[in-house]
Amino acid sequence: MGPGMFPTLVGSLLAILGIVIALRGLRREGAPPDRFHLRPFVLLLLAIAIFALAVEPLGLFVTILLAVAVAGFADRELSRLAMAITAVALAIGSCIVFVKLLGLQLEIWPPFFR
Amino acid sequence: MEFFSDFGLGLVTALSWQNLLYCFLGVFLGTLVGVLPGLGPVATIAMLLPATFALGPAPAMIMLAGIYYGAQYGGSTTAILVNLPGESSSVVTALDGHQMARNGRAGPALGIAAISSFIAGCIATFVIALFAPPLAEIALKFGPAEYFSLMTLGLIAAVVLASGSVLKAVAMVLLGILLGLVGTDVNSGQQRFTFGVSGLTDGISFVALAMGLFGLADVILNLEQHEKQRVFVRVGSLLPSLADLRLCTGSIMRGTLLGSVLGILPGGGALLASFAAYTFEKRVAKPPRAFGQGDIRGVAAPEAANNAGAQTSFIPLLTLGIPSNPTMALLIGALMIQGIQPGPQIMTERPELFWGLIASMLIGNMMLLVLNLPLIGLWVRLLSIPYKFLYIAILIFCAIGTYSVSNSTVDLWALFAFTAIGYVFLKLDCEPAPLILGFILGPMMEENLRRALRISLGDPSVLVTRPLSAAFLVLSVVLLISMVAPSIRGHREKALQ
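Note that the structure is a prediction, hence the values are computed from the model and not measured. (Residues numbered from 1 in each chain as written. Chains lettered and ligands numbered in written order. Predicted model: local features only at pLDDT ≥ 70, side-chain atom pairs only at ≥ 80, totals over all residues. Heavy atoms only, no water.)

K.L.:
Sorry, what's going on with the overall build of chain B here?
P.N.:
Helix and strand counts for chain B come out as 23 helices and two strands. For 497 residues, the compact-globule estimate of 2.2 N^0.38 gives 23 Å, and chain B sits close to it at 22 Å. The dimensions of chain B, computed from C-alpha atoms along their principal axes, are 70 × 55 × 55 Å. When the 497 residues of chain B are sorted by exposure, 61% land in the buried category. When contacts within chain B are restricted to residue pairs at least 6 apart in sequence, those whose partners lie at least 24 apart make up 80%. Split by element, the accessible area of chain B, about 18800 Å² in all, is 69% carbon and sulfur. The centroid of the 26 positive side-chain charges in chain B is displaced by 11 Å from the centroid of its 24 negative side-chain charges. (Helix = DSSP H or I, 4+ residues; strand = E, 2+ residues; numbered from the N terminus. Rg over C-alpha atoms; globule rule 2.2 N^0.38 Å. Buried < 20%, exposed > 50% of the residue type's maximum accessible area, 1.4 Å probe, protein only. Contact = heavy atoms within 4.5 Å. Areas by Shrake-Rupley, 256 points an atom, 1.4 Å probe, with all protein chains shown as cover. Lys, Arg positive; Asp, Glu negative; His and termini not counted. Charge placed at Lys NZ, Arg CZ, Asp CG, Glu CD.)

Here it is in structure tokens:
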């Protein structure tokens, strides 16, 4: 009953199921999977990555501007001006609501501004 | 009678100024995120979770619960007016509701949605108040073996209720359990599947998992489909006619009953309840008018059911400490932040919290009726925000929410990974809900299994020699076998369409 017992049990079950699903998939003619759309997929992930990298060194305000600048391109219809306004509005709004009102432990400004 | 004194205590708690304020805040926010398509109660509660630390346990739970059932009201507005589910549980409301709106009856559709939600909410509150105490009493007698078998049954039930391939759903549950085991083993202190990453010693962040699989993966999917032009309709008078009300009475009652029962089941809650109620109503309603072409009963039944289901899904949480859906899992998180171990002892140790929460649901439902009938214009205007602005806000809110739970960038990378995985899952028709339930129940199952085996000195037969535990396991096996039986499978596919 060590730490490995339960994971081994569940893992073996999952492996068996995986084999069964794979074999059934090989045997049957199925519809091809839905097409992947790379543009929103890559840009949204990139925006999360930027958020993760920037939020501690640069503070919330700048991070939101950067993340919106990337994520905004995921939708073709959004104009540059609208994107800039959204970015600034979101940055100001988030800093006020999350940091000032809800009291989340986030730095707003980069360290050289503080 | 004891019931009245208990409920009275709850009312006193719920009616304090502070709790009234947070109850209002909760239902207001709930309606807001319910109206906005793409932002659900899971993401909202996750974002507010860190902020509830400063509140006491009662206001925190009252507010978070309000968000969940409030979202059920808001979702119907979007479904009826623009044919988009504001909330996943209002998908079926759109069928007849939007048709009614196109026939120029948007007002009565909105009115009956709010009224049936209100009636169902009030009845469900009493269902909780009546059934939770005896259930908690039974639960106090449960040993680890019973808990393990009950959770097995819960997971199997979640698989049965999931749409799509059974095999895939079982695989998703198992994957969820394994993901839930990442981190430090509580018994031995060993690191499991952390690969030396210090941020994973406490396990994978539940909020990152839920927001990635449910929130952001959906956002990507929405972005690739071109936005439909939203057609607005005039609302007009909200009050349904007396004939409408008479026609709907039966539907509301059936919807409430079905919703209350399905809400208790693991994997259940609002979503399943509304689907089941609509299917059921189509079959039994007399005279069988044209469902799908604007039948008011097609709005009343699922709206009653989803609100009843949203509320009774608190029963397993409050009596067993077992969450039946992702929202309830977050509420367990909220309780733990307050230092309260969820389980049957809440009722006896914290009666003011337990009964206060239940009484607040009654008050919250009244507030929602006011918020949704006279103030409907406000919510309609909110709908004019195009998705191209909304998705950016959702992205930023999800990122902030994920980070702020424990101020860790590792959680943000988990969000990154689960967003990517979630999108692939959606493309491959693998439903994320069973995975999330496995993730939450997995560690609890392991803990109870090991405890049971330690008590029985390593003899696994303890799971089948204790009568209650054996009953749960037999039920699980029967459920699983019935899934493979072709006749029932056909039935299930039809019902879950």
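Once you've had a look at it, read on.
K.L.:
Please clarify how the interface of chain A and chain B should be interpreted in this entry.
P.N.:
Quite often, the size of an interface is put as the accessible area lost when its parts meet. Each side of the interface is counted separately: chain A has 51 residues, and chain B has 57 residues. Summed over both sides, the interface of chain A with chain B buries roughly 4800 Å², with 83% coming from carbon and sulfur. Contact with chain B buries area across many residues of chain A, yet Met1, Phe6 and Ile48 of chain A alone supply 14% of it, more than any other trio. Our enumeration of links across chain A and chain B arrives at zero salt bridges. Across the chain A-chain B interface, the total number found is six residue pairs in polar contact (both at pLDDT 80 or more). Listed by contribution, the elements that provide at least two residues to the side of chain A that touches chain B are α1 (5-27), α2 (38-58), α3 (60-71) and α4 (80-101) of chain A. Considering each element in turn, the side of chain A that touches chain B owes the most residues, twelve residues, to α2 of chain A. Across the side of chain A that touches chain B, the residue classes tally to 38 nonpolar, seven polar and six charged. (Buried area = accessible area lost by both parts, 1.4 Å probe. Salt bridge = Lys/Arg side-chain N within 4 Å of Asp/Glu carboxyl O. Polar contact = N/O pair within 3.5 Å; in protein donor to acceptor, adjacent residues only side chain to side chain. Nonpolar A, V, L, I, M, F, W, Y, C, P; charged D, E, K, R; others polar.)

K.L.:
Sorry, what's going on with a nonpolar patch on the surface here?
P.N.:
Residues and elements named next belong to chain A. Nonpolar side chains collect at one region of the surface, where Val88, Ile92, Ile96, Val97 and Leu101 lie side by side and expose about 430 Å² of accessible area between them. Among the secondary structure elements, Ile92 is positioned in helix α4. Residue Ile92 is classed as partly exposed on the basis of its relative accessible area, which comes to 41%. (Patch = residues over 30% accessible without salt bridge, like charges linked within 9 Å, V, L, I, M, F, W, Y side chains within 5 Å.)

K.L.:
Sorry, what's going on with the side chain of Thr44 of chain B here?
P.N.:
All names here are of chain B. On the secondary structure map, Thr44 appears in helix α3 (residues 41-48). On the accessibility criterion, Thr44 (5% relative accessible area) is buried. Leave out the neighbours within four places in its chain, and Thr44 touches Val33, Leu39 and Ile67.

K.L.:
Teacher, can you tell me more about the side chain of Asp185 of chain B here?
P.N.:
With respect to the element layout, Asp185 of chain B can be found in the loop between β1 (183-184) and β2 (191-192). Overall, Asp185 of chain B belongs to the buried group, its relative accessible area being 1%. Here Ser188 of chain B takes part through its side chain, which lies 2.6 Å from a polar atom of the side chain of Asp185 of chain B. Those residues within four positions of Asp185 of chain B in sequence are excluded, and the remaining contacts are Pro3 of chain A together with Gln190, Arg192 and Arg450 of chain B.

K.L.:
What should I look at first to understand the packing of aromatic side chains in this one?
P.N.:
For any pair of aromatic rings, the description consists of the separation of the ring centres together with the inter-plane angle of the planes. All names here are of chain B. As enumerated under the stated definition, the model contains 13 aromatic pairs over all chains in all. A ring pair is formed by Phe7 and Trp355, whose centres lie 6.5 Å apart and whose planes are at 75°; its orientation type is edge-to-face. Note that Phe7 is positioned in helix α1 (residues 2-14) and Trp355 in helix α16 (residues 351-372), a separation of 348 residues in sequence. There is no split in this pair, since Phe7 and Trp355 are both buried. Both rings, one in Phe28 and one in Trp379, keep their centres 5.4 Å apart while their planes meet at 55°; by these two values the pair is tilted. With Phe28 in helix α2 (residues 17-35) and Trp379 in helix α17 (residues 376-382), this pair connects stretches of sequence that are 351 residues apart. Exposure remark for Trp379: the relative accessible area of 0% places this residue in the buried category. Three or more aromatic residues link up through ring pairs in this structure, and these residues are Phe7, Phe126, Phe354 and Trp355. (Phe/Tyr/Trp six-rings, centres within 6.5 Å; stacked < 30°, edge-to-face > 60°.)

K.L.:
I would appreciate a short explanation of the environment of Gly66 of chain B in the present structure.
P.N.:
Residues and elements named next belong to chain B. Along the chain, the position of Gly66 falls in helix α4 (residues 57-82). Look at Gly66 and you get buried, because its relative accessible area is 0%. Along the primary structure Gly66 and Leu368 are separated by 302 residues, whereas in three dimensions their C-alpha atoms are 9.4 Å apart.

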